[in-house]
Amino acid sequence: MTSTIDILSVPIQNVTIEEACSYAFQCIDEGKTTAIATANAEMLMRACHDDELAHILQQADLVVPDGAGVLWAAEQQGCHFKERVTGVDLACKLLEEAAVRKTSVYLFGGAEGVADMAAANLQRKYGDVNIVGTHSGFFTAEEEREIINDIRCKGTQILLVALGVPKQEKWISNHMYELGPCLCMGVGGTLDVLSGKSARAPKWMQEHRLEWLYRFAKEPTRFKRMLALPKFVIAVKGNKKAK
Ligand code: UDP
């Protein structure tokens, strides 16, 4: 794999989306159980106070630079990521390639019906994507055993887990070795986007690193979560001074 850039003690791979995708399929071809995480400012700030999450991110097979804040933080250290690799874009790239290779995909997470809607849209978009199962992200302990069995029995090769941060990262870390050889990726709100339940920011906002503003405008209840952004700026600046 390529080099990493450490942001607040989390090593993030300096990869393009193409490189991340080919690494993922190399792991799938080798039958390797793999965990992918998509780092943004909110996740990295959480990891500063959540040792379990920090450890998971430090041990993950691949952490990609998802958020614009992560690119900015690298620049503060005089480094540059080759490009931003968002969770939605990487998930779409994997799904597109999975459709060609007939790789088996399982969609896990989101409100009731969201994963099914996402699956139906993906069939329309990519033709023959082999979605072997779906399950909502709200479940009892008993149902969780059934979900794990279902993922394994169906020979899942790519598992997209949309339970929100840090639940999805912890779920993957706790259960990845019970699922059979499988590439697991935490995808946050991606299934909501793929289902059509929520929309992505317009391209120009993405390009100007303003996706956070769009999400805030659409969901003002995210206000509390967004307080992580100024805290992230302060932490990165503080880290720079300390060096
Ligand atoms: N979610 C879930 N189970 C839970 C908590 C959350 O399935 O116990 C889902 C929720 O419905 C949403 C996703 O996890 O689809 C989290 O989306 P969010 O927008 O918070 O993720 P982000 O993209 O901001 O990381």
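Conventions and cut-offs
- Within any chain, residue numbers begin from 1 and follow the written order of that chain's sequence.
- Per-residue local features of the predicted model are confined to residues with pLDDT of at least 70, and side-chain atom pairs are confined, for both listing and counting, to 80 or more; whole-chain, interface and lining totals are unaffected and use all residues.
- Side-chain calculation: all heavy atoms of the structure are included, whereas hydrogens and water are not.
- Side-chain atoms within 4.5 Å link the members of a nonpolar core, which is a set of buried Ala, Val, Leu, Ile, Met, Phe, Trp, Tyr and Cys residues.
- Burial classification: accessible surface area is computed with a 1.4 Å probe over protein chains only, and a residue below 20% of its type maximum counts as buried, one above 50% as exposed, and the rest as partly exposed.
- Note on conventions: DSSP H or I runs of at least 4 residues are helices, E runs of at least 2 residues are strands, and numbering of each starts at the N terminus.
- Two residues qualify as a contact provided that any one of their heavy atoms is within 4.5 Å of a heavy atom in the partner residue.
- Surface patches are drawn from residues lacking salt bridges whose relative accessible area is over 30%; two like charges belong together within 9 Å, two nonpolar side chains (Val, Leu, Ile, Met, Phe, Trp, Tyr) within 5 Å.
- Note on areas: these come from Shrake-Rupley sampling with a 1.4 Å probe, and a residue is covered only by the protein chains present in the view.
- In what follows, salt bridge is the name for a side-chain nitrogen of Lys or Arg lying within 4 Å of a carboxyl oxygen of Asp or Glu.
- Lys and Arg are tallied as positive, Asp and Glu as negative. Neither His nor the chain termini are counted.
- Positions of charges follow a simple convention, taking NZ of Lys, CZ of Arg, CG of Asp or CD of Glu.
- Here a strand pair is declared whenever DSSP counts at least two bridges between the two strands.
- Lines are fitted to the C-alpha atoms to define the axes, a helix being fitted only along its stretch in contact, and any angle between axes, read from their N-to-C directions, falls within 0 to 180 degrees.
- Expected span of a helix, by definition, is 1.5 Å for each gap between consecutive residues, and there is one gap fewer than residues.
- A cavity here means a set of 1 Å grid points, computed over protein atoms only, where a 1.4 Å probe fits but cannot escape. A pocket is an open set with protein on both sides within 12 Å along at least 5 of 7 lines, and lining residues have an atom within 4 Å of a point.
- Grid points are joined across faces, edges and corners, and a volume is the space filled by probe spheres set on the points.
- The criterion for a residue being near a molecule or strand is simple. One of its heavy atoms has to lie within 4 Å of it.
- Here a polar contact is recorded for every N or O atom pair within 3.5 Å, except that within protein the pair must consist of a potential hydrogen donor and a potential acceptor, and residues adjacent in sequence are included only if both atoms are side-chain atoms.
- Under the scheme applied, nonpolar residues are Ala, Val, Leu, Ile, Met, Phe, Trp, Tyr, Cys and Pro; charged residues are Asp, Glu, Lys and Arg; polar residues are all the others, including Gly.

Asks: What am I meant to see in the nonpolar core here?
Replies: Burial of nonpolar side chains together is a common tendency in soluble globular proteins. Core analysis: the biggest nonpolar cluster contains 39 residues, and L90, L94, L107 and I158 have the highest contact counts within it. Elements that contribute at least two residues to this core include exactly α1 (17-29), β4 (62-65), α5 (87-101), β5 (104-109), α6 (114-126), β7 (158-162), β8 (183-186) and α9 (190-195). Here L94 is in contact with C21, A24, F25, I158, L183 and M185, once residues within four sequence places are set aside. Grouped together as the second largest cluster of nonpolar side chains are 25 residues, A41, M45, A54 and F81 included.

Asks: Sorry if this is basic, but what is going on with a negative patch on the surface here?
Replies: There is a patch of like negative charges on the surface, built from E112, D116, E142, E143 and E146. When residues in the negative patch are grouped by element, the largest group, 3 residues, is from helix α7 (residues 141-153). Locating E146 in the fold gives a position in helix α7. Of the residues examined, E146 reaches a relative accessible area of 51% and is grouped as exposed.

Asks: Teacher, can you tell me more about the sheet that holds β8 here?
Replies: The 6 strands are arranged β4-β3-β8-β7-β5-β6 in an open sheet whose pairing can be described as parallel. Among the strands making up the open sheet, the edge pair consists of β4 and β6 (130-135). Taken over all neighbouring pairs, the strand axes of this sheet differ in orientation by 20° on average, direction set aside. In terms of strand pairing, strand β3 (residues 34-39) meets β4 through 4 bridges, oriented parallel. Across the sheet, the residue bridging to T38 is V64, located in β4.

Asks: Can you help me understand α5 in this one?
Replies: Given 3.6 residues per turn, any residue in an α-helix points the same way as the ones three and four places further on. When the terminal C-alpha atoms of α5 are compared, their 21 Å separation across 15 residues agrees well with the 21 Å that a helix rising 1.5 Å per residue should span. The complete set of buried residues in α5 reads G87, V88, L90, A91, C92, L94, L95, A98 and A99. The first or second residue beyond α5 is K102, which carries a positive phi of 65°.

Asks: Whenever I open this one, the layout of surface pockets confuses me. Can you help?
Replies: Over the atoms rolls a probe the size of a water molecule, and in doing so it shows where empty space is left. Approximately 270 Å³ is the volume attributed to the second largest pocket. Lining the second largest pocket, in full, are I17, L71, E83, R84, V85, T86, D89, R200, K203, Q206, E207 and R209. Examining the composition of the lining of the second largest pocket, we find that 3 residues originate from one element, helix α10 (residues 203-207), more than from any other.

Asks: Would you explain the site of the ligand in this entry?
Replies: Near the ligand you find 15 residues, and of these G110, G137, K167, D192 and R222 are the closest. Take R222: an N or O atom from its side chain is 2.8 Å from an oxygen atom of the ligand. When isolated, the ligand has an accessible area of 550 Å², and the protein chains bury 79% of it. Across the shell around the ligand, the residue classes break down as 4 nonpolar, 6 polar and 5 charged.

Functional significance is not addressed by these values, which are geometric in nature.
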